[in-house]
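# Summary of structural features
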Amino acid sequence: MPRDIKIPPAKVARIGERLRDYLYLLHRRSAPAPVAMLEMIMAAWVSQAIQAAAELGIADTLAERPLPLDELANRVGADPDALRRLMRALISRGIFRQRRGGRYELTALGETLRSDTRFSMNAYARFVGSPQHREHWSYLVESVRTGKPIIPQLRGKDGFDYLRDEPELAKGFNDAMTDLAGLAAHAFVPGYNFGPYRTIVDVGGGHGALLSTILAATPNARGVLYDLPEVVAGAPPLLSAPGIKDRVRVEGGSFFDSVPSGGDAYVLKNVIHDWPDEQAVAILRNVRAAAGADSTVLLVEMVLPEHDRDFAGKWSDVEMLLDANGRERDAAEYRDLLRQGGFRMNRIVQTASPYSVVEATPA
């Protein structure tokens, strides 16, 4: 059974972030600068090792019981000596553990690499470590020099068209977004009151991970999942739970053309950050055309803070520069985008995750 992971309140999470930042600063300053820089550079190898563990299914295999090296290698299809070396490195980062008798077992971090756990990061690790994604990041210097995304230069098409032409990679991307949607959902759904909304439209909702969590927590609401037809085709497994499947409708379409009408709340998770301002405003205007005067728009995004501490959204912003010509934004930038789209930003609700909820209503 997976370990029960409890999501703390947002205020507690912020205190934890400050503490981690202080400890990281202390760790960094306790080493000579070249050594600290070496560790940062080698972090790319750590990420790739995590991807290899996810691809091999090590966490899924160890979920049943701790295993000795030879049996684990046989079950995941790996060379025993090479696997031992990989496990030794990952154990040093707390992802796995080796018992005194030599058997390997999961830690809390390792649990997140299971494909079947509630807070799985398996698909996200595999997508980020894919050869194509790694290749894109190897051209970061070109994007910084030109200010333009690398995928059109490298592939001859924009990021989403490229994904459509690479079905296996597209599946990996959609599964990765489902991982992130699950993390965001379990962080913000308990802290946001969806009770007043009878119909909730998830715009660009992928496979429905976020919407299914919202509906599970809001038994009187109905939901509409809206995304491209080839994307929502993968939604049924997540929306088939008892008590949910009869309350949700799946629609295929593009938010650049229109958005389903009749929603009391329109949720857009990681949609606006994918696009430059002009296209982001076009999406918001389509939402405004569908929304009633009393509707609420909820943007679930990594709102950039004013502080200089580490924050996942700052790295996601570089990813947006590289891949999508989009960007992460701060509160003032979201306020301005919403104004142009016909909305008034009411507040920003922080969560225990890097995601915040930007709440707005028609102006």
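Residues numbered from 1 in each chain as written. Predicted model: local features only at pLDDT ≥ 70, side-chain atom pairs only at ≥ 80, totals over all residues. Heavy atoms only, no water.

Under an unreviewed UniProt entry, the protein has the name Hydroxyneurosporene methyltransferase and belongs to Mycolicibacterium hodleri.

### Let's talk about the side chain of threonine 112
Where we set the bar: For helices the rule is a DSSP run of H or I covering at least 4 residues; for strands it is a run of E covering at least 2, with both sets numbered from the N terminus onward. Throughout, exposure labels follow a simple rule: accessible area from a 1.4 Å probe, protein chains only, divided by the maximum for the residue type, with under 20% read as buried, over 50% as exposed, and the rest as partly exposed. Contact between two residues is taken to exist if any of their heavy atoms lie within 4.5 Å; hydrogens are not considered.
Its place among the elements puts threonine 112 in the loop between helix H6 (108-111) and helix H7 (122-128). Using a relative accessible area of 18% as the deciding quantity, one classes threonine 112 as buried. Ignoring anything within four residues of it in the chain, the contact list for threonine 112 reads Thr117, Phe119, Ser120, Met121 and Asn122.

### Thoughts on helix H4 (residues 69-76)
What counts is decided by this rule: Here, the arc refers to the directions that run from the helix axis to the C-beta atoms.
Taken together, the buried positions of H4 are occupied by Leu69, Leu72, Ala73 and Val76. Take H4 and look down its axis: the buried residues cluster within an arc of 100°, on one side only. Along H4, the residues that are exposed and aim more than 90 degrees away from the buried face are Asp70 and Asn74. Contact partners of the buried residues in H4: helix H2 (33-56), helix H3 (58-62), helix H5 (80-92) and strand E2 (104-106). Immediately beyond the C-terminal end of H4, within one or two residues, lies glycine 77, with a positive phi of roughly 70°.

### Topic: the UniProt feature "domain: O-methyltransferase dimerisation" (unreviewed entry) in the protein
Rules: UniProt positions are given in the numbering used here, feature names are shortened, and annotations may be inferred rather than shown by experiment.
Per the UniProt record, "domain: O-methyltransferase dimerisation" (unreviewed entry) is found at residues 39-113. A helix fraction of 64% and a strand fraction of 8% characterise residues 39-113, whose end C-alpha atoms lie 23 Å from each other.

### As for the environment of arginine 344
By the element assignment, arginine 344 lies in strand E8 (residues 343-350). The exposure class of arginine 344 is partly exposed, given its relative accessible area of 46%. Residue contacts for arginine 344: discarding those within four places in its chain leaves Glu359, Ala360, Thr361, Pro362 and Ala363.

### With respect to the pattern of salt bridges
For clarity, the cut-off: Whenever Lys or Arg places a side-chain nitrogen within 4 Å of a carboxyl oxygen from Asp or Glu, that contact is recorded as a salt bridge.
Within the structure shown, the criterion is met by 20 salt bridges. Taking the shortest distance from any N to any O, the salt bridge between aspartate 81 and arginine 85 comes out at 3.7 Å. Taken as a pair, aspartate 81 and arginine 85 lie in helix H5 at a separation of four residues, close to a single helical turn. With relative accessibility at 38%, the residue aspartate 81 sits in the partly exposed group. Ionic pairing is found between lysine 157 and aspartate 165, a salt bridge with its closest N-O pair at 2.8 Å. Given the relative accessible area of 27%, lysine 157 is considered partly exposed. Taking the relative accessible area as the measure of exposure, aspartate 165 reaches 48% and is therefore partly exposed.

### Side note on the sheet that holds strand E9 (residues 356-362)
As a general point, the strands of a sheet are linked pairwise by backbone hydrogen bonds and lie either parallel or antiparallel. What counts is decided by this rule: At least two bridges found by DSSP between two strands are what make those strands a pair. To obtain each axis, a line is fitted to C-alpha atoms, and for helices this fit is confined to the stretch in contact; angles are then taken between N-to-C directions over 0 to 180 degrees.
Reading across from one edge, E5-E4-E3-E6-E7-E9-E8 is the order of the seven strands in this open sheet, with mixed pairing throughout. Either end of the sheet is taken by a strand with one partner, and the two such strands are strand E5 (248-252) and E8. The average angle at which neighbouring strand axes cross in this sheet is 20°, direction not considered. Two strands pair when backbone bridges link them, and strand E6 (residues 265-269) and strand E7 (residues 296-301) are joined in this way by five bridges, in the parallel orientation. Note on E7: the bridge partner recorded for alanine 265 is threonine 296. Those strands touched by helix H12 (residues 167-188) are E6, E7 and E9, and its axis lies near 130° from that of E6.

### Side note on the pairing of E6
Taken across its five residues, E6 has five buried, putting it largely inside the fold. As defined by bridge partners, strand E3 (residues 199-203) adjoins E6 across three bridges and the pair is classed as parallel. Of the residues in E6, the one forming a bridge with valine 201 is tyrosine 266.

### So, the UniProt feature "active site" (unreviewed entry) in the protein
Stated formally: Throughout this description, a polar contact denotes any pair of N or O atoms lying within 3.5 Å of each other; where both atoms belong to protein, one of them has to be capable of donating a hydrogen while the other can accept it, and for residues adjacent in sequence the pair is counted only when both atoms sit in side chains.
Sites flagged by UniProt as "active site" (unreviewed entry) map to His273. A distance of 3.2 Å separates a polar atom in the side chain of histidine 273 from a polar atom in the side chain of aspartate 274.

### As for the packing of H4 against H5
To keep things clear, this is the line we draw: Any angle from 65 to 115 degrees is called roughly perpendicular, while one under 35 is roughly parallel, one over 145 is roughly antiparallel, and all others are oblique. Three classes are used, and their members are as follows: Ala, Val, Leu, Ile, Met, Phe, Trp, Tyr, Cys and Pro are nonpolar, Asp, Glu, Lys and Arg are charged, and the others, Gly among them, are polar.
Between H4 and H5, the least distance of the axes is 9 Å, while the angle of their chain directions is 105°. Relative to H5, the element H4 is oriented roughly perpendicular. In this structure, H4 uses Leu69, Asp70, Leu72, Ala73 and Val76 to contact H5, whose residues at the interface are Pro80, Leu83, Arg84 and Met87. Looking at side-chain class alone, the contact of H4 with H5 contains seven nonpolar, no polar and two charged residues.

### Looking at the domain arrangement of the protein
Heads up, the condition is: For the domain bounds, the source is a domain assignment made automatically or taken from a database. Summed over both partners, the accessible area lost on bringing two parts together, with a 1.4 Å probe, is the buried area.
Splitting the protein by domain gives domain 1 (10-124) and domain 2 (182-362). Spacing between the C-alpha centres of domain 1 and domain 2 amounts to 31 Å. Domain 1 puts eight residues into the contact, and the matching count from domain 2 is nine residues. For the domain 1 and domain 2 pair, buried surface summed over both sides reaches about 780 Å², with 57% attributable to carbon and sulfur atoms. For the interface between domain 1 and domain 2, the tally reads zero salt bridges. At the junction of domain 1 and domain 2, the tally comes to three residue pairs in polar contact (both at pLDDT 80 or more). Along the lines of polarity and charge, the residues of the side of domain 1 that touches domain 2 split into four nonpolar, no polar and four charged.

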